[in-house]
Amino acid sequence: MSHRGEDEFGTVSAPETVRIERVLPGPVERVWEYLTDSEKRGKWLAAGEMELRVGGRVELRFFHSGLSHEPVPERYAVMREGHVHTGRVTRCEPPYLLAYTWAEQTGAPSEVTFELSARGEEVVLVLTHRRLATRADRVSVASGWDAHLGILEDVLTGRAPRGFWSTHARREAEYEERLPRD
């Protein structure tokens, strides 16, 4: 079964930046809840507390196996028991804009921004992930976000979630071909 987002690809919109756009079922306030509420976010990305104010702490507790019940590939074995990313909110304008640092615990963090706008009964979600220093980072991040956003689309439309790891692997190969070389 084809999903609407499968023919949409992220792009390198600026140096060290990946941008992905998706059209989701609305309203904006519902999609905002799936970005900010731990339980709802845990169905497509990662659960964890988020202080919705500039400077607020963000904790993302990833458990990829629980998203679509596919086994974790050997190359990602370190993620079998889950992993945690932390960050800080850098912008928060409910229910239209949320930005936070990503993976602060790993050194120089990147930053992800979610922008929501209404289009009739649908919502345009623009995800921009900045400060991705290498092409390998951009390919990995684009593949991961693509897989996660596909599951978000499935959850919002009431479909069974597509396979996270199978989608990630397919999209990673496609992004490897599509994204510009450094």
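The shown structure was predicted, so the numbers you read here are calculated from the model rather than taken from an experiment. (Residues numbered from 1 in each chain as written. Predicted model: local features only at pLDDT ≥ 70, side-chain atom pairs only at ≥ 80, totals over all residues. Heavy atoms only, no water.)

Undergrad: What is the right way to read the overall build of the protein from this model?
TA: Per the secondary structure count, the protein includes 5 helices and 7 strands. Along the protein, helices and strands appear, N-terminal first, in the series β-β-α-α-β-α-β-β-β-β-α-α. Taken against the 2.2 N^0.38 rule, which gives 16 Å for 182 residues, the C-alpha radius of gyration of the protein at 15 Å falls within 12% of a compact globule. Expressed as a percentage of the 182 residues in the protein, the buried residues total 51%. Counting every atom, the protein has about 8700 Å² of accessible surface; 51% of that belongs to carbon and sulfur. (Helix = DSSP H or I, 4+ residues; strand = E, 2+ residues; numbered from the N terminus. Rg over C-alpha atoms; globule rule 2.2 N^0.38 Å. Buried < 20%, exposed > 50% of the residue type's maximum accessible area, 1.4 Å probe, protein only. Areas by Shrake-Rupley, 256 points an atom, 1.4 Å probe, with all protein chains shown as cover.)

Undergrad: Looking at this structure, how should I read the sheet that holds strand 6 (residues 110-119)?
TA: Each strand in a sheet pairs with another by means of backbone hydrogen bonds, the pair being arranged parallel or else antiparallel. If you trace the 7 strands from one edge of the open sheet to the other, you get 1-2-7-6-5-4-3, paired in antiparallel fashion. Looking along the sheet, the strands with just one partner apiece sit at the ends: strand 1 (11-14) and strand 3 (57-62). In this sheet, adjacent strand axes meet at a mean angle of 30 degrees when their direction is disregarded. Strand direction decides the pairing type here: strand 3 and strand 4 (residues 83-93), joined by 6 bridges, are antiparallel. Across the sheet, the residue bridging to V58 is G87, located in strand 4. Against the sheet, helix 4 (residues 135-157) contacts strand 1, strand 2 (17-25), strand 3, strand 5 (97-102), strand 6 and strand 7 (122-130), and its axis sits at roughly 10 degrees relative to strand 2. (Pairing = 2+ DSSP bridges. Axes fitted to C-alpha atoms, helices over the stretch in contact; angles between N-to-C directions. Contact = heavy atoms within 4.5 Å.)

Undergrad: Explain the nonpolar core to me, please; I cannot follow it from the model alone.
TA: One recurring pattern in soluble globular proteins is that nonpolar side chains are buried together. One finds W44, L98, Y100, F114 and W145 to be the most contacted residues of the largest nonpolar core, which totals 45 residues. For this core, the element with the most residues is helix 4, which contributes 10 residues. Each residue touching W145, except ones within four places of it in the same chain, is listed here: I20, W44, L45, W102, V112, F114, L127 and H129. (Core = buried A, V, L, I, M, F, W, Y, C linked by side-chain atoms within 4.5 Å.)

Undergrad: I tried to follow the environment of G82 on my own but got confused; where do I start?
TA: Along the chain, G82 turns up in the loop between helix 3 (65-68) and strand 4. On a C-alpha basis, the gap between G82 and L116 in space is 28 Å, while along the polypeptide they are 34 residues apart. Ignoring anything within four residues of it in the chain, the contact list for G82 reads F62 and F63.

Undergrad: Sorry, what's going on with the environment of L24 here?
TA: With respect to the helices, strands and loops of the structure, L24 is situated in strand 2. Remark: the alpha-carbon pair of L24 and V124, spanning 100 residues in sequence, is separated by 6.4 Å.

Undergrad: Is there a simple way to explain the packing of helix 4 against helix 5 (residues 164-178) in this structure?
TA: If you want to describe how two helices pack, look at the angle between their axes and the distance between the axes. Remark: helix 4 packs on helix 5, axes separated minimally by 8 Å, with the N-to-C direction vectors making an angle of 140 degrees. With respect to helix 5, the element helix 4 is oriented oblique. Crossing geometry of helix 4 relative to helix 5 is assigned as right-handed. Contacts from R135, V139, S140, A142, S143, G144, D146, A147, H148 and I151 of helix 4 reach helix 5 at F164, T167, H168, R171, E172, Y175 and E176. Looking at side-chain class alone, the contact of helix 4 with helix 5 contains 6 nonpolar, 6 polar and 5 charged residues. (Parallel < 35°, antiparallel > 145°, perpendicular 65-115°, else oblique. Left-handed = near helix turned anticlockwise from the far one by under 90°. Nonpolar A, V, L, I, M, F, W, Y, C, P; charged D, E, K, R; others polar.)

Undergrad: Is there a simple way to explain helix 4 in this structure?
TA: Along an α-helix, a turn takes 3.6 residues, which lines up residues three or four apart on a common side. Taking 1.5 Å of rise per residue, 23 residues should cover 33 Å, and helix 4 covers 33 Å from first to last C-alpha, within 8% of that figure. Positioned one or two residues after helix 4, G158 has a phi angle of 80 degrees, which is positive. (Expected span 1.5 Å × (residues − 1).)

Undergrad: Got a minute to help me understand the pairing of strand 7 in this structure?
TA: Regular strands place their side chains on alternate faces of the sheet. With 7 of its 9 residues buried, strand 7 lies for the most part within the structure. As paired elements, strand 2 and strand 7 share 8 bridges and run antiparallel to each other. Of the residues in strand 7, the one forming a bridge with V18 is H129. Taken together, strand 6 and the strand that follows it, strand 7, pair antiparallel across an intervening segment of 2 residues, in which G120 is found at a positive phi of about 65 degrees.

Undergrad: Looking at this structure, I do not really get the environment of R61. What am I missing?
TA: Within the secondary structure, R61 is located in strand 3. Taking the C-alpha atoms as reference, R61 lies 19 Å from A108; in sequence the two are 47 residues apart. Of the polar contacts made by the side chain of R61, one reaches the side chain of E59; its length is 2.9 Å. (Polar contact = N/O pair within 3.5 Å; in protein donor to acceptor, adjacent residues only side chain to side chain.)

Read these as layout, nothing more, since geometry by itself doesn't imply function.
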